[in-house]
Amino acid sequence: MESQTTQLCDQSAMALAGMLRRGEISAREITQSVFKRIDEREKSINAFVTTTRETAFKQADLADAKFRQGGDIPLLTGIPVAVKDILCTKGIKTTCGSKILADFVPTYNATACRNILDAGAVLVGKTNMDEFGMGSTTESSIAGPTRNPHDLERVAGGSSGGSAAAVSSGESILALGTDTGGSIRQPSAFCGVTGIKPTYGRVSRYGLVAYASSLDQIGAIGKTVADCAMMLNVISGHDPLDTTSANVKTPDFLKALKEGIEGIRMGIPQDFFAEGLDSRIKEKVFEAVALLEKNGASVVPINLPHSPYAIGAYYLIATAEASSNLARFDGVKYGFRNAGDITDCMEMYLKTRTKGFGMEVKRRIMLGTYVLSAGYYDAYYLKAQKARKLIKGDFDEAFKKVDCIMTPVTPCLPFALGEKMTDPLQMYLVDIYTVSLNLAGLPGMSLPCGKINDLPVGLQIVGKPFDEEMILRVGAAYERLAAAGR
Ligand code: GLN
């Protein structure tokens, strides 16, 4: 039974997994609690494009049957998970927040979705997002904006804003998000939850609708570091269906949490704490670093001298890849088609894409097409690739001296809805601390490190390629120390 004070939907996944194992609660009760919260808050938050209430209860009952049977049951069994609407779910609408896919129902599951369902997760629904993942606020969705559960007049961040808001509000326990330039970490920071973007190649991208294929990565959002580690265990691993998925062993990420931070060297990039960063955020991040230092980790100043080129390189490479990836939405293969009032095929393409895509997506397709066009390719696309290499080189150099790197996630607090919608450049600049990790393929995690005026602040921990264990270990240590107030 739920206690009056703490509802099941406010518990962490690991706490619920424990209660399920001890027979104190049922998966049905957890699911009921989550949907009760959805009934109470979804109208104002708008975290979901689609909820899957009926199948969720069926999955919960199946989980309960497994618990009755006993045996070795995955930790994710019976735990509600929300999935970003850019991941294909068999038989369930997958819109990518776009009119062009408003009625698209995939015939297969993305590998990450299949993995969580095989592990017994209860699918709560598909979460809201910026159209095709292009944005930092979840305002550019056909489903309307997602609001920040901490302040309904502010943005939830994006593009996985629905996933972060759902976990933050108790409308789900865990969520899958995707991160091309910050889309897991930034909304996690804005909504006060924990989100990890794994190393490029750690999680299969099969069934993830591509935005920028060399940058996209699927990851986990939860209330705690352990919750993220638990789901990361389930979604990681080599997949022959994704040729970029890495053939590396998946460690037990939960094990990493127990190790301490004695002797861990934390790099502090001097270039990241300069002009443009809200000084109150800087203070919070430094406080977190100081806490870890006091408890056995050491601080090493580092430089990432090419980071001023990260935003430019990212927005050239991401748009170039997007312009190519989004060519498949032509009104023929799937999704929306403008069928009436046309005389030939070209006109059908034109009208379908004109009506099917939103403003920001069109802006990026045009920008991407431009930077790839003959005569401009060398000046823009190639140059951006060179910058990408230099940015990666900076990290390689830094990681010779440190075990992890500590930075802010965002330069500012969650801002008001609509505040940056008319100024794309201002919007792009919000991604300053997140995009370089995608360019370098590195893993990164955002976790809450306090509040300013009741608004959450995120701390970013960056790791070496395929060293998510280090990030999780440092993150878990911080979580423990902060909770104990030491
Ligand atoms: N805000 C960035 C963009 O608009 C990142 C988005 C993402 O990670 N999907 O491209």
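Details of the structure are given in the entry above.
Note that residues are indexed from 1 along each chain, following the sequence as it is written. For this predicted model, a pLDDT threshold of at least 70 governs which residues receive local features, and a threshold of 80 or more governs which side-chain atom pairs are given and counted, while totals over whole chains, interfaces and linings are taken from all residues. To get the side-chain values, take all heavy atoms of the structure and skip hydrogens and water.

Chemist: Sorry, what's going on with a nonpolar patch on the surface here?
Modeler: To count toward a patch, a residue needs a relative accessible area above 30% and no salt bridge. Like charges then connect within 9 Å, nonpolar side chains (Val, Leu, Ile, Met, Phe, Trp, Tyr) within 5 Å. Under the convention used here, a 1.4 Å probe and the Shrake-Rupley method define accessible areas, while residue burial counts only the protein chains that appear. Basic side-chain nitrogens of Lys or Arg form a salt bridge, by our definition, when they fall within 4 Å of a carboxyl oxygen of Asp or Glu. A surface patch of nonpolar side chains, amounting to about 270 Å² of accessible area, comprises Tyr-370, Tyr-376 and Tyr-380. What counts as a helix is a DSSP run of H or I of at least four residues, what counts as a strand is a run of E of at least two, and both are numbered from the N terminus. With respect to the secondary-structure elements, Tyr-380 resides in helix H13 (residues 378–398). The buried label goes to any residue with under 20% of its type's maximum accessible area, the exposed label to any with over 50%, and the partly exposed label to all in between, with areas taken from a 1.4 Å probe on protein chains only. Judged by its relative accessible area of 31%, Tyr-380 is partly exposed.

Chemist: Explain the packing of aromatic side chains here, please?
Modeler: What describes a pair of aromatic rings is the distance from one ring centre to the other and the angle between the planes of the rings. Aromatic rings from Phe, Tyr and Trp, taking only the six-membered ring of Trp, are treated as a pair when their centres fall within 6.5 Å; an angle between ring planes under 30 degrees marks them as stacked, one over 60 as edge-to-face, and anything in between as tilted. Tallied over the entire structure, the rule returns 16 aromatic pairs. Plain terms: the ring middles of Phe-190 and Phe-415 are 5.8 Å apart, the flat faces sit at 90° to each other, and that makes the pair edge-to-face. Here Phe-415 lies in the loop between strand S11 (404–408) and helix H14 (424–429) and Phe-190 lies in helix H6 (residues 185–191), a separation of 225 residues in the sequence. Taking relative accessible area as the criterion, Phe-190 reaches 1% and is therefore assigned buried. The ring of Phe-336 is capped by Lys-99, whose NZ or CZ atom sits 4.9 Å from the centre of that ring. A cation over an aromatic ring shows up here: Lys-420 above the ring of Phe-415, its NZ or CZ 4.8 Å from the ring centre. For a Lys NZ or an Arg CZ to count as sitting over a ring, it must be within 6 Å of the ring centre and within 35 degrees of the ring normal.

Chemist: What am I meant to see in the sheet that holds strand S3 (residues 122–127) here?
Modeler: Adjacent strands of a sheet form backbone hydrogen bonds with each other and so pair up, either parallel or antiparallel. Read from one edge to the other, the open sheet built from 11 strands follows the order S1-S3-S2-S6-S8-S7-S12-S13-S11-S9-S10, with strand pairing classed as mixed. The outermost strands of the open sheet, each flanked by one partner alone, are strand S1 (48–51) and strand S10 (298–302). Ignoring strand direction, the axes of neighbouring strands in this sheet form an average angle of 30°. A strand pair is defined by DSSP finding two or more bridges across the two strands. Bridge count for strand S2 (residues 80–84) against S3 is five bridges, and the pairing is parallel. If you follow Ala-82 over to S3, its bridge partner there is Gly-125. Contacts are assigned to residue pairs that have any heavy atoms within 4.5 Å of one another. Here an angle of 0 to 180 degrees is reported between the N-to-C directions of two axes, which are lines fitted to C-alpha atoms, with helices fitted over the stretch in contact. The strands touched by helix H4 (residues 111–118) within the sheet are S2, S3, strand S6 (174–179) and strand S8 (217–222), with S2 carrying the most contacts at an inclination of about 175°.

Chemist: Would you mind showing me how to read empty space enclosed by the protein here?
Modeler: To locate leftover empty space, one rolls a probe as large as a water molecule over the atoms. Here a cavity denotes a set of grid points, spaced 1 Å apart and computed over the protein atoms alone, in which a 1.4 Å probe fits but from which it cannot get out, and a pocket denotes an open set meeting protein on both sides within 12 Å along at least five of seven lines; residues with an atom within 4 Å of a point are reported as lining. Grid points are joined across faces, edges and corners, and a volume is the space filled by probe spheres set on the points. Enumeration over the complete set of coordinates arrives at four cavities of 30 Å³ or more. Each pocket or cavity is described by its volume, and for the largest cavity that value is around 80 Å³. Taken together, Gly-133, Gly-135, Ser-136, Gly-158, Gly-181, Gly-182, Ser-183, Tyr-211, Tyr-314, Tyr-315, Arg-364 and Asp-431 make up the lining of the largest cavity. Within the lining of the largest cavity, the residues separate by chemical class into three nonpolar, seven polar and two charged. In this structure, the second largest cavity spans a volume of roughly 50 Å³. Forming the walls of the second largest cavity are 14 residues, and the residues nearest its centre are Ile-86, Thr-178, Thr-180, Tyr-211 and Asp-216. Note on residue classes: Ala, Val, Leu, Ile, Met, Phe, Trp, Tyr, Cys and Pro are nonpolar, Asp, Glu, Lys and Arg are charged, and everything else, Gly too, is polar. A class-by-class count of the residues in the lining of the second largest cavity yields five nonpolar, six polar and three charged.

Chemist: Whenever I open this one, the layout of surface pockets confuses me. Can you help?
Modeler: Computed from the structure, the largest pocket encloses a volume of approximately 260 Å³. Taken together, 16 residues make up the lining of the largest pocket; nearest its centre are Tyr-108, Leu-208, Val-209, Ala-210 and Arg-328. Per-class residue counts for the lining of the largest pocket are 11 nonpolar, one polar and four charged.

Chemist: What am I meant to see in the side chain of Lys-84 here?
Modeler: Counting through the fold element by element, Lys-84 comes out in strand S2. Charge counting treats Lys and Arg as positive and Asp and Glu as negative, with His and both chain ends excluded. In this structure Lys-84 is buried but unpaired, with Asp-130 as the nearest side chain of opposite charge at 7.5 Å. Excluding its chain neighbours within four sequence positions, the residues that come into contact with Lys-84 are Lys-126, Thr-127, Met-129, Ser-159, Ser-160, Ser-163, Leu-176, Gly-177, Thr-178 and Ser-183.

Chemist: Would you mind going over unusual backbone geometry with me for this structure?
Modeler: The general pattern is negative phi for most residues beyond glycine and trans for most peptide bonds. The amide bond that connects Gly-158 to the next residue, Ser-159, takes the cis arrangement and shows omega of 10°. By the element assignment, Ser-159 lies in the loop between strand S5 (151–155) and helix H5 (161–169). Positive phi is not limited to glycine here, since Asn-46 has a value of about 60°. Within the fold, Asn-46 resides in the loop between helix H2 (27–45) and S1.

Chemist: Any chance you could explain helix H3 (residues 53–69) here in plain terms?
Modeler: Each helix should span, by expectation, one fewer than its residue count multiplied by 1.5 Å. If you check H3, its first and last C-alpha atoms are 25 Å apart, about what 17 residues at 1.5 Å a residue would give, namely 24 Å. Buried positions along H3 lie against helix H1 (13–21), H2 and S3. At the C-terminal side of H3, Gly-70 shows a positive phi close to 85°.

Chemist: Which parts of the structure should I look at to understand the site of the ligand?
Modeler: What makes a residue near a molecule or strand is one non-hydrogen atom of that residue sitting within 4 Å of it. Neighbouring the ligand are 15 residues, the closest being Thr-180, Gly-181, Ser-183, Tyr-211 and Tyr-314. Counted as a polar contact is a pair of N or O atoms within 3.5 Å, where, for protein atoms, one must be capable of donating a hydrogen and the other of accepting one, and residues adjacent in sequence contribute only when both atoms are in side chains. Contact distances for the ligand include 2.6 Å between an oxygen atom and a side-chain N or O atom of Ser-183. Coverage of the ligand by the protein amounts to 99% of the 290 Å² it exposes when considered alone. Of all the cavities here, the one that holds the ligand is the largest cavity. In terms of residue class, the shell around the ligand is made up of four nonpolar, eight polar and three charged. Cavity and pocket membership follows a simple rule, namely that a molecule belongs there if more than half of its atoms are within 2 Å of the grid points.

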